[in-house]
Amino acid sequence: SNGATDSKNLKVKLVLLGDSGVGKSCIVLRFVRGQFDPTSKVTVGASFLSQTIALQDSSTVKFEIWDTAGQERYAALAPLYYRGAGVAVVVYDITSPESFNKAQYWVKELQKHGSPDIVMALVGNKADLQDSRQVPIQDAMDYAEKNGMFFIETSAKTADNINQLFEEIAKRLPRTLS
Ligand code: GDP
Ligand code: MG
């Protein structure tokens, strides 16, 4: 068996879900390319990017990241998108209560139809906009804890917590493959 090799170098499909405009594409671009472009209407050309990270125990995780190009508006398409995903990153904007409600909708959707061992993260993005905050951090923490999700606030603009998000997800992946 090459189980040891498999568990040292994982490859996992990661999908981002959340309202249009919460910053999903910007999070991906910040993570993969280290960039943030406030002027462009960001659409990742390819809907698919990958990035490998190394963990402290020298294992690696290759994220195959599926970014939607606006399909998030069509809930009926979502199951095609998250099929086979090992990780779902559900994003909302801390200045938008509507986007937090929508995030909770996606979590329920994943609980009903996602793979049972999917690792889910709840991400409050645009954390740089503290003065316009409308979603209390405690509400999001409570919700994430109740639903067994990892929670973090990020800013794709300042890069705050972007790498941490992916590192924490990597640490939570099941290490044994069957
Ligand atoms: P998507 O529709 O979820 O993919 O959202 P985008 O990544 O296209 O971002 C939508 C808008 O939010 C763009 O104008 C971005 O510049 C802006 N944006 C994204 N992330 C941040 C952030 O962390 N802070 C701030 N202030 N703006 C952001
Ligand atoms: Mg986008």
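Residues numbered from 1 in each chain as written. Chains lettered and ligands numbered in written order. Predicted model: local features only at pLDDT ≥ 70, side-chain atom pairs only at ≥ 80, totals over all residues. Heavy atoms only, no water.

Draft legend 1. View of the overall build of the chain. Counting its secondary structure elements, the chain contains 6 helices and 6 strands. The linear arrangement of helices and strands in the chain, starting from the amino end, is α-β-α-β-β-α-β-α-β-α-β-α. Burial statistics for the chain: of 178 residues in total, 46% are counted as buried. Excluding contacts between residues fewer than 6 apart, the proportion of contacts in the chain whose partners are at least 24 apart in sequence is 71%. Of the roughly 9,300 Å² of accessible surface on the chain, 49% is carried by carbon and sulfur atoms. (Helix = DSSP H or I, 4+ residues; strand = E, 2+ residues; numbered from the N terminus. Buried < 20%, exposed > 50% of the residue type's maximum accessible area, 1.4 Å probe, protein only. Contact = heavy atoms within 4.5 Å. Areas by Shrake-Rupley, 256 points an atom, 1.4 Å probe, with all protein chains shown as cover.)

Draft legend 2. Molecular detail of the side chain of S99. Here S99 shows up in helix α4 (residues 97-113). The buried category is assigned to S99, whose relative accessible area is 1%. Setting aside residues no more than four positions away along its own chain, S99 makes contact with D19, V22, Y92 and D93.

Draft legend 3. Layout of the site of ligand 1. As a matter of local geometry, ligand 1 sits amid 19 residues, with G21, K24, C26, D128 and A156 nearest to it. Note that an oxygen atom of ligand 1 is positioned 3.4 Å from one of the side-chain N or O atoms of S155. For ligand 1, whose accessible area on its own is 580 Å², the fraction buried by protein is 82%. Ranked by residues supplied to the shell around ligand 1, first place goes to helix α2 (residues 24-33) with 3 residues. (Near = heavy atom within 4 Å. Polar contact = N/O pair within 3.5 Å; in protein donor to acceptor, adjacent residues only side chain to side chain.)

Draft legend 4. Region of interest: helix α6 (residues 162-172). Along α6, the positions that sit buried rather than exposed are I162, L165, F166, I169 and A170. Seen end-on, α6 carries its buried residues on one side only, within an arc spanning 130°. (Arc of directions from axis to C-beta.)

Draft legend 5. Region of the structure containing the environment of F48. Checked against the element boundaries, F48 lands in strand β2 (residues 48-54). Among the residues examined, F48 registers a relative accessible area of 39% and is labelled partly exposed. For the pair F48 and I65, spaced 17 residues apart in sequence, the C-alpha to C-alpha distance is 5.6 Å. Aside from chain neighbours lying at most four places away, what touches F48 is E64, I65 and W66.

Draft legend 6. Broad picture of the packing of aromatic side chains. For the structure shown, the criterion picks out 6 aromatic pairs. Taken together, a centroid distance of 6.2 Å and an interplanar angle of 75° make the contact between F100 and Y143 edge-to-face. Residue F100 is found in helix α4, and its partner Y143 is found in helix α5 (residues 137-146); the two are separated by 43 residues along the sequence. Given a relative accessible area of 12%, Y143 falls into the buried group. By the ring-pair criterion, three or more aromatic residues cluster together here, those being F31, F63 and F166. Above the face of the W66 ring, K13 is positioned so that its terminal group lies 3.8 Å from the ring centre. (Phe/Tyr/Trp six-rings, centres within 6.5 Å; stacked < 30°, edge-to-face > 60°. Lys NZ or Arg CZ within 6 Å of the ring centre and 35° of its normal.)

Spatial relationships are all this shows, so hold off on functional conclusions.
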